[in-house]
Amino acid sequence: MALATHLIKIEGSFSQKWTEEKLREYVKQKILEIESFYHTDVELFRVQGNTIEVWVYISALPSEAKNITIGEWIKNHIKEDGIEVKGFEVKIIMSFLDPISEKPPQFMIYLP
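Here the residue index of a chain counts from 1 through its sequence in written order. In keeping with the model being predicted, local features are shown solely for residues with a pLDDT of at least 70 and side-chain atom pairs are shown and tallied solely at 80 or more, while totals for entire chains, interfaces and linings include all residues. Hydrogens are left out, water is left out, and the side-chain values use all remaining heavy atoms of the structure.

Visitor: What should I look at first to understand the pairing of strand 3 (residues 51-58) in this one?
Guide: Side-chain direction in a regular strand flips from residue to residue, so the side chains alternate between the two faces of the sheet. One requirement defines pairing of two strands: DSSP has to find at least two bridges between them. Strands here mean DSSP runs of E at least two residues long; helices mean DSSP runs of H or I at least four residues long; both are numbered from the N terminus. As paired elements, strand 1 (residues 6-14) and strand 3 share eight bridges and run antiparallel to each other. Opposite Gly12, over in strand 3, you have Ile52 as the bridge partner. As judged from the seven bridges shared by strand 2 (residues 41-48) and strand 3, these two strands associate in the antiparallel manner. Bridging across to strand 3, Val47 finds its partner in Ile52. Counted between consecutive antiparallel strands, the loop separating strand 2 from strand 3 contains two residues, among which Gly49 sits at a positive phi close to 60°.

In structure tokens, the structure reads:
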């Protein structure tokens, strides 16, 4: 995986027709849909009762990983009967851009 820049936390609930194994496969399928664009890695997959929590690391520019962008993707792509997204959060872990000017940082890495 590329260097992670954001962490996306998604919380939801599911009906009894979804087993933990089916949920794992479903999450894997949804992650693969964005893998080539965001370079993803699942950090946490937790099922307790009928709730699910998934944390996904991604590598993206700040303009690509805004709450509105992620929210729209969730709304348009997680529509299966018996699964409901209760909420999500996008956390910036690291940015290659200066948060004020959005210019690249002034450093260089030398690899001999």
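Visitor: How should helix 2 (residues 67-77) be read in this particular structure?
Guide: An α-helix turns once every 3.6 residues. As a result, residues three or four positions apart point the same way. Looking only at helix 2, the buried set comprises Ile70, Gly71 and Ile74. The arc enclosing the buried residues of helix 2, seen along the axis, measures out at 100°, which places them on a common side. The criterion used for residue contact is that any of the two residues' heavy atoms lie within 4.5 Å. Considering only its buried residues, helix 2 is in contact with strand 1, helix 1 (20-38) and strand 4 (83-92). Relative accessibility decides the category of a residue: with a 1.4 Å probe and only protein chains considered, values under 20% of the type maximum give buried, values over 50% give exposed, and everything between is partly exposed. Directions drawn from the helix axis to the C-beta atoms are what define this arc.

Visitor: Just to check I follow, could you spell out the environment of Ile78 for this structure?
Guide: Structurally, Ile78 can be placed in the loop between helix 2 and strand 4. Contact partners of Ile78, with chain neighbours within four places excluded, come to Tyr26, Trp73, Ile83 and Val85.

Visitor: How should I be thinking about the sheet that holds strand 4 in this particular structure?
Guide: Within a beta sheet, neighbouring strands are joined by backbone hydrogen bonds and run either parallel or antiparallel to one another. Ordered by their spatial adjacency, four strands build an open sheet running 2-3-1-4, and the pairing between neighbours is antiparallel. Each of the sheet's edge strands pairs with one partner strand only, and the pair in question is strand 2 and strand 4. Adjacent strand axes in the sheet meet at a mean angle of 15° when their direction is disregarded. Note on geometry: axes are C-alpha line fits, over the in-contact stretch for helices, and angles between N-to-C directions span 0 to 180 degrees. Seen against the sheet, helix 1 touches strand 1, strand 2, strand 3 and strand 4 and runs at an angle of roughly 155° to strand 2.

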